[in-house]
Amino acid sequence: MTTTLFTNAKVFTGESETAFASAFRITDGLIDWVGDAADVAGEASTDLGGRTVLPGLIDSHTHPALIAGTAAAAECFPPAVTSPDDLVAVLRAHAESVTAPDAWILGRGFDDTKFPGGLMPTAADLDRVSTDRPVLVWRCDAHSAVCNTKALEIAGITAATIDPDGARFERDADGTPNGVLTEIAAVGEVAAFIPTPTRDDQIAAILAIGDELASRGIVAVCDLLSTRIDDPLGTFRAAVERGLRTRVALYPGWDPAAPLADLGPGDRDGQIRVGGVKVVLDGAYSNRTAWVHEPYPESCDHGLRLVDDADVLAAGDWARRNGVQLAVHAMGDRALDWVVELFADQEPWLDGVPSVRIEHATIVSDDYLARLRTARMTFGIATHTVFFFAEYDGYEKALRAEQVTDAYPIARLYAGLEPLALSSDRPATAWSGADDVMLSVEAAVRRRTYNGIDFGPEAAITVAQSLLLYTGRARLLSPLEGVGLLAPGFDGSFAVLERDVFTVPADEIAAVRVAETWIRGERVR
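Nothing here was measured: the structure is a model prediction, and the numbers come from that model.

A few words on the overall build of the chain. For the chain, the helix and strand inventory stands at 15 helices and 25 strands. Relative to the globule expectation of 24 Å for 525 residues, the C-alpha radius of gyration of the chain, 23 Å, shows essentially globular dimensions. Summarising its shape, the C-alpha atoms of the chain cover approximately 80 × 50 × 50 Å along the three principal directions. Residue pairs in contact within the chain that sit at least 24 positions apart in sequence constitute 73% of those at least 6 positions apart. Of the roughly 19300 Å² of accessible surface on the chain, a fraction of 50% belongs to carbon and sulfur atoms.

This is the structure in structure tokens:
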């Protein structure tokens, strides 16, 4: 039996906004006591030097499988890339390191709303990177992308090619595809030709992701589209055998053309488990493809609905039959209303966590929140503050004036819906280091964008409330057992901060760093 007592700390337990202790004990990887350091004075202990301790953090909506499946992609996020010239320069430099004969030049993360004139790059821009090698770079929302002429040729996309359902190949005035691939189905028509990384490469990438998560104090994640790699359950479990310590709940994407097999014994258990299935109902606000009731400002466009009722309901039936969650990507107000229309009157099938998770939930009114609370179905929400912080340029153009007060209303959600989490959506977020929890916390507290604009300050919450949405409240949203609290019976997983996030000036919260991360009683960073 291995026992370690930790003392002389400011311990935020995650049980409530005011629940603090000064000491805790871990035995064989589990916490068996939390309390006052004075009660264990004189016992052998590890002195934490008065530093602030948080429960191991949970990122409830992120994409490690997507990162592993595109590990060869160069990062093209703001603030480093803010123009087509920046994008071309990054990709040209990256191309020098990509030498395999069949390798594509890949990138991810650009935000065209920050480019001069807000113009989307096209094949003509990427042809400046290469004309004889295929080039593709994903937009920051991971829903859309742009490719060069060579990639269009490889994919066989011409002026005669019909747009996929719920997506578009954008075109010049004469109908020639211009390389812009709007929404997932269009991107998939080109990305299908990218050589798949080897299993060893994917495992290596997952291990690197685990190390990065630990550097942020994150010990558990939900992967909300795990089918971006082959055999995600087996691949992540193989990574565990090689040292991965992160808990992961996998949510494969629902594809009506390739129905998911039912789960087998043990698939829902353990450090790596299947937590649910994901349906992408609409697009994103930052490029005006979220499905909305009223058209976008100065437009007659209502965004894109990506799947029909039959597919959403089929995914729900699979989730019910297999005893896991249904996660629905819904950003636009029309998409959010449609989730309620389809599921509010159904009988929930899970105990302890919501049967239906709503991912992103950009526009939430008081009335909508009341519909969620009073529904027969059990709902939860994974949302963000890093979105409006990083992507204000897009939201400024996409939101109607009357919608701003209902956009990411974190204070309203905090007060009105218990299963709630903040999350990063990395890498589908327009900012380098979007999984930095402290960046998200500062945005929740200050409600200020990257360029200093106040965004719905009435929706601000406190530091303690923000951290609960990565700990004690986040654990209520997802089937990630043993994490979220520093309390007896929970994993001995915690983060030690370099500075006290509860007392630093609000404009310095994002600068707070994690000094140590411990997972199940062992220091991993």
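So much for the structure itself; the text now carries on.
This part takes up the nonpolar core. Residues Tyr 285, Leu 326 and Ile 358 are the most contacted members of the largest nonpolar core, which totals 106 residues. In terms of nonpolar packing, the next biggest core, distinct from the first, is built from 18 residues, Leu 136, Trp 138, Val 187 and Ile 194 among them.

Strands sit in the order β5-β4-β1-β6 across an open sheet of 4 strands; the sheet is mixed. Two strands close off the open sheet at either side, each with one partner strand: β5 (30-35) and β6 (46-47). The pairing of strand β4 (residues 23-27) with β5 spans 5 bridges and is classified as antiparallel. In the strand pairing of β5, Arg 25 is matched with Trp 33.

A separate point is the sheet that holds strand β17 (residues 272-274). Pairing in this open sheet of 4 strands is parallel, and the strands run β8-β15-β16-β17 from one edge to the other. Two strands bound the open sheet, and with one partner strand each, they are β8 (57-62) and β17. The mean angle between the axes of side-by-side strands here comes to 15 degrees, regardless of whether they run parallel or antiparallel. Inspection of the sheet shows strand β15 (residues 218-223) paired to strand β16 (residues 247-250) by 4 bridges, in the parallel sense. Along β16, the bridge assignment pairs Cys 222 with Ala 249.

A few words now on the side chain of Ser 466. Following the sequence through the fold, Ser 466 ends up in helix α15 (residues 463-468). The residues contacting Ser 466, other than those within four sequence positions of it, are Leu 422, Val 441, Ala 444, Val 445 and Ile 461.

Turning to its location among the elements, Leu 225 is positioned in the loop between β15 and α7 (232-241). Through-space distance from the C-alpha of Leu 225 to that of Thr 517 is 26 Å; in sequence the pair is 292 residues apart. Excluding anything up to four places from it in sequence, Leu 225 contacts His 63, Ala 65, Tyr 251, Gly 253 and Lys 278.

Let's shift gears to the pattern of salt bridges. A complete count under the given rule lists 38 salt bridges for this structure. As a salt-bridge pair, Arg 412 and Asp 366 come within 2.9 Å of each other at their nearest N and O atoms. Taken together, the positions of Arg 412 in helix α13 (residues 410-416) and Asp 366 in helix α10 (residues 366-374) put the pair 46 residues apart, joining distant regions of the chain. Owing to a relative accessible area of 22%, Arg 412 belongs among the partly exposed residues under this scheme. Where salt bridges share partners, they join Glu 75, Glu 212, Arg 216, Arg 426, Asp 435, Asp 436 and Arg 513 into one cluster.

With that settled, the discussion passes to the packing of aromatic side chains. For the coordinates displayed, the defined rule picks out 19 aromatic pairs. Relative to Phe 20, the ring of Phe 12 lies with its centre 5.3 Å away and its plane at 55 degrees, an arrangement referred to as tilted. An angle of 70 degrees between the planes, with centres 6.4 Å apart, marks the rings of Trp 291 and Trp 338 as edge-to-face. On the criterion of sequence distance, the pair formed by Trp 291 in the loop between β18 (276-280) and α8 (309-322) and Trp 338 in helix α9 (residues 333-343) is long-range, its members being 47 residues apart. The exposure class of Trp 338 is partly exposed, given its relative accessible area of 29%. Members of the aromatic cluster, joined through ring pairs, are Tyr 285, Tyr 296, Phe 387, Phe 388, Tyr 392, Tyr 395, Tyr 408 and Phe 455. Here the basic side chain of Arg 357 rests over the ring of Tyr 251, its NZ or CZ set 5.1 Å away from the ring centre.

Reading the values: rules and limits
- Residues numbered from 1 in each chain as written.
- Predicted model: local features only at pLDDT ≥ 70, side-chain atom pairs only at ≥ 80, totals over all residues.
- Heavy atoms only, no water.
- Helix = DSSP H or I, 4+ residues; strand = E, 2+ residues; numbered from the N terminus.
- Rg over C-alpha atoms; globule rule 2.2 N^0.38 Å.
- Contact = heavy atoms within 4.5 Å.
- Areas by Shrake-Rupley, 256 points an atom, 1.4 Å probe, with all protein chains shown as cover.
- Core = buried A, V, L, I, M, F, W, Y, C linked by side-chain atoms within 4.5 Å.
- Buried < 20%, exposed > 50% of the residue type's maximum accessible area, 1.4 Å probe, protein only.
- Pairing = 2+ DSSP bridges.
- Axes fitted to C-alpha atoms, helices over the stretch in contact; angles between N-to-C directions.
- Salt bridge = Lys/Arg side-chain N within 4 Å of Asp/Glu carboxyl O.
- Phe/Tyr/Trp six-rings, centres within 6.5 Å; stacked < 30°, edge-to-face > 60°.
- Lys NZ or Arg CZ within 6 Å of the ring centre and 35° of its normal.

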